Amino acid sequence: MNAQRTALGGGTVLVLAGLVTFCLSRLVDSGFVHGLFQGMTVALMVLGAVAIGRGARGRGSDREGLWLPSRDRDS
């Protein structure tokens, strides 16, 4: 349970950090630093979404109830 909370909390922190880098990229007009902030925004938002999804996916679901394509071949 703690790992799921950590994933959700860490994902939220990453998304918020992405929001901060987005705001910073709006302050810089052009050049390398602007592109760096834009790239950091995309990377942080994507990693945050993955962490949030991984944390939310683990909540309340049992592993036996999930469908797997490999189980179709056995039947």
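We now turn to the structure provided with this report. (Residues numbered from 1 in each chain as written. Predicted model: local features only at pLDDT ≥ 70, side-chain atom pairs only at ≥ 80, totals over all residues. Heavy atoms only, no water.)

In this section: the overall build of the protein. Each helix and strand in the protein was counted, giving 3 helices and 0 strands. When the elements of the protein are put in sequence order from the N terminus, they spell out α-α-α. Burial status across the protein gives 17% buried among its 75 residues. Excluding contacts between residues fewer than 6 apart, the proportion of contacts in the protein whose partners are at least 24 apart in sequence is 64%. Counting only carbon and sulfur atoms, one obtains 65% of the accessible surface of the protein, whose full area is about 5800 Å². (Helix = DSSP H or I, 4+ residues; strand = E, 2+ residues; numbered from the N terminus. Buried < 20%, exposed > 50% of the residue type's maximum accessible area, 1.4 Å probe, protein only. Contact = heavy atoms within 4.5 Å. Areas by Shrake-Rupley, 256 points an atom, 1.4 Å probe, with all protein chains shown as cover.)

A contiguous nonpolar surface patch, about 390 Å² in accessible area, is contributed by F32, V33, L36 and M40. Here M40 lies in helix 2 (residues 32-57). (Patch = residues over 30% accessible without salt bridge, like charges linked within 9 Å, V, L, I, M, F, W, Y side chains within 5 Å. Salt bridge = Lys/Arg side-chain N within 4 Å of Asp/Glu carboxyl O.)

On the secondary structure map, S25 appears in helix 1 (residues 2-27). Leaving out residues up to four positions away in the same chain, S25 has contacts with H34, F37 and Q38.

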